[in-house]
Amino acid sequence: MFMTVTQKALFVHFFTASGAVFAMLAMLAATEAKWSLMFLWLVVAFAVDGIDGPLARRFDVKNHAPRFDGMLLDLIIDYLTYVFIPAFALFKSGLLPGWTGWVVIIVITFTSALYFCDSQMKTKDNSFQGFPGCWNMLVIVLFAIEPNFWIILILVAGLALAMFLPLKFVHPVRTERWRFLSLPIALAWTFFAGWAAWVDFHPQSWAHWGLVATSVYLLFAGIAQQAIPQRS
């Protein structure tokens, strides 16, 4: 028995909503300081987030399942998995002593709440205007390399400011320019993130180098596109 177009569209919404379940599983792991397990669930949620968008456009959920707002659903789950849970983990991890932890969670959650409701967050080429609040990607790198807390403070402050600057950050799936490179690198980041968490952030793991390299590309590719004019 084949599914109707409406049923397929509803299934996409259900698939997106599964991210909330993975967010809860990640949060439960975080409350018990099971950081590797938490990040594994967040990687699963990240993969769901990467797949549901193309599916939503493929089955035209806006017209075939209009009762549910897929974009709003996606933003709710993204705030949990990209912002709230990673900020909680960073606060509880021991990487930030004393007052620094409080500063970081306030900055991350406050600025991200504003950014997630920014009506101008997308550019004409479907990139992001300003750092898109992907704190989960930063925090897993911080867990892997364990830098000095001053470095963490500088990174958080810089990226929080970058959320509201006219800087472009690529969407690996939707930004057409360099997609042939951005999409495989995003997939590689997902692999390295899962690998790093799977080996419990072992300091000798090559996953750490892969995480850093892919994160640097995803962080600066959009800015590079702004600096390098596109040939007509």
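Refer to the structure printed above.
Everything in this summary refers to the structure shown in the same document.

Rules used throughout
- Each chain carries its own residue numbering, running from 1 in the direction its sequence is written.
- Side-chain atom pairs in this predicted model are given and counted only at pLDDT of 80 or more, local residue features only at pLDDT of at least 70, and totals for whole chains, interfaces and linings cover all residues.
- Just so you know, side-chain values use all the structure's heavy atoms and leave hydrogens and water out.
- Only DSSP runs of H or I covering at least 4 residues are called helices, and only runs of E covering at least 2 are called strands; the numbering of each starts at the N terminus.
- Here the term buried applies to any residue with accessible area under 20% of the maximum for its type, exposed to any over 50%, and partly exposed to those in between, with areas from a 1.4 Å probe on protein chains only.
- Expected span of a helix: the number of residues minus one, times 1.5 Å.
- Pairs of residues are marked as contacts when any of their non-hydrogen atoms sit within 4.5 Å.
- Nonpolar cores are built from buried Ala, Val, Leu, Ile, Met, Phe, Trp, Tyr and Cys residues. Side-chain atoms within 4.5 Å join them into one set.
- Think of a patch as exposed residues, more than 30% relative accessible area, with no salt bridge, where like charges cluster within 9 Å and nonpolar side chains (Val, Leu, Ile, Met, Phe, Trp, Tyr) cluster within 5 Å.
- In short, Shrake-Rupley with a 1.4 Å probe defines the accessible areas, and a residue's cover is counted only from the protein chains shown.
- Salt bridges are defined by distance alone: a side-chain nitrogen of Lys or Arg within 4 Å of a carboxyl oxygen of Asp or Glu.
- In protein, a polar contact means a hydrogen-donor-capable atom and an acceptor-capable atom, both N or O and within 3.5 Å, with residues adjacent in sequence counting only if both atoms are side-chain atoms; elsewhere, any N or O pair within 3.5 Å suffices.
- Two rings belonging to Phe, Tyr or Trp (six-membered ring only in the last case) form a pair when the distance between their centres is within 6.5 Å. Interplanar angles under 30 degrees mark stacking, angles over 60 mark edge-to-face geometry, and anything in between is tilted.

1. Things to note about unusual backbone geometry
- Backbone geometry places Ala 33, a non-glycine residue, at a positive phi of 60 degrees.
- Even without being a glycine, Phe 201 presents a positive backbone phi close to 55 degrees.
- Note that Phe 201 resides in the loop between helix H8 (179-198) and helix H9 (207-227).
- Assessed through its relative accessible area of 11%, Phe 201 is described here as buried.

2. Overview of helix H1 (residues 5-31)
- If you check H1, its first and last C-alpha atoms are 40 Å apart, about what 27 residues at 1.5 Å a residue would give, namely 39 Å.
- Against helix H2 (35-58), helix H3 (61-64) and helix H4 (70-92) lie the buried residues of H1.

3. Comments concerning the nonpolar core
- Grouped together as the largest cluster of nonpolar side chains are 58 residues, with contacts concentrated most on Met 38, Phe 39, Leu 90, Trp 135 and Leu 211.
- Of all the elements in the fold, those that place two or more residues in this core are H1, H2, H4, helix H5 (99-116), helix H6 (135-145), helix H7 (149-162), H8 and H9.
- The biggest single contributor to this core is H6, with nine residues.
- Setting aside chain neighbours within four positions, we find Leu 211 in contact with Ile 140, Val 141, Ala 144, Trp 189, Phe 192, Ala 193 and Ala 196.
- Ala 9, Val 12, Phe 59 and Val 61 belong to the second-largest nonpolar core, a separate cluster that totals five residues.

4. Some thoughts on a nonpolar patch on the surface
- Taken together, Trp 102, Ile 106, Phe 110, Leu 114 and Phe 164 make up a surface patch of nonpolar side chains, about 570 Å² in accessible area.
- Structurally, Phe 110 is set in helix H5.
- Take Phe 110: its relative accessible area is 54%, and that puts it in the exposed class.

5. Some thoughts on H7
- In this model H7 runs 20 Å from its N-terminal to its C-terminal C-alpha over 14 residues, within 8% of the 20 Å that 1.5 Å per residue would give.
- Along H7, the residues that are buried comprise Ile 152, Leu 153, Val 156, Leu 159, Ala 160 and Ala 162.
- Of the residues that open H7, the one with a side-chain oxygen 2.8 Å from the backbone nitrogen of Trp 150 is Asn 148.

6. Notes on the pattern of salt bridges
- Across all of its chains, the model carries two salt bridges by this definition.
- Two residues, Lys 34 and Glu 32, come together in a salt bridge whose shortest N-O distance is 3.0 Å.
- In this structure, Asp 125 engages Lys 168 in a salt bridge whose closest nitrogen and oxygen atoms are separated by 2.9 Å. Here Asp 125 is found in the loop between H5 and strand S1 (128-129), whereas its partner Lys 168 is found in strand S2 (residues 168-169), with 43 residues between them in sequence.

7. Concerning the packing of aromatic side chains
- A full pass over the atoms with the stated rule returns 17 aromatic pairs.
- Measuring from centroid to centroid gives 6.0 Å for Phe 143 and Phe 201, while their planes differ by 45 degrees, and the two rings are tilted. Taken together, the positions of Phe 143 in helix H6 and Phe 201 in the loop between H8 and H9 put the pair 58 residues apart, joining distant regions of the chain. Assigned by exposure class, Phe 143 and Phe 201 land together as buried.

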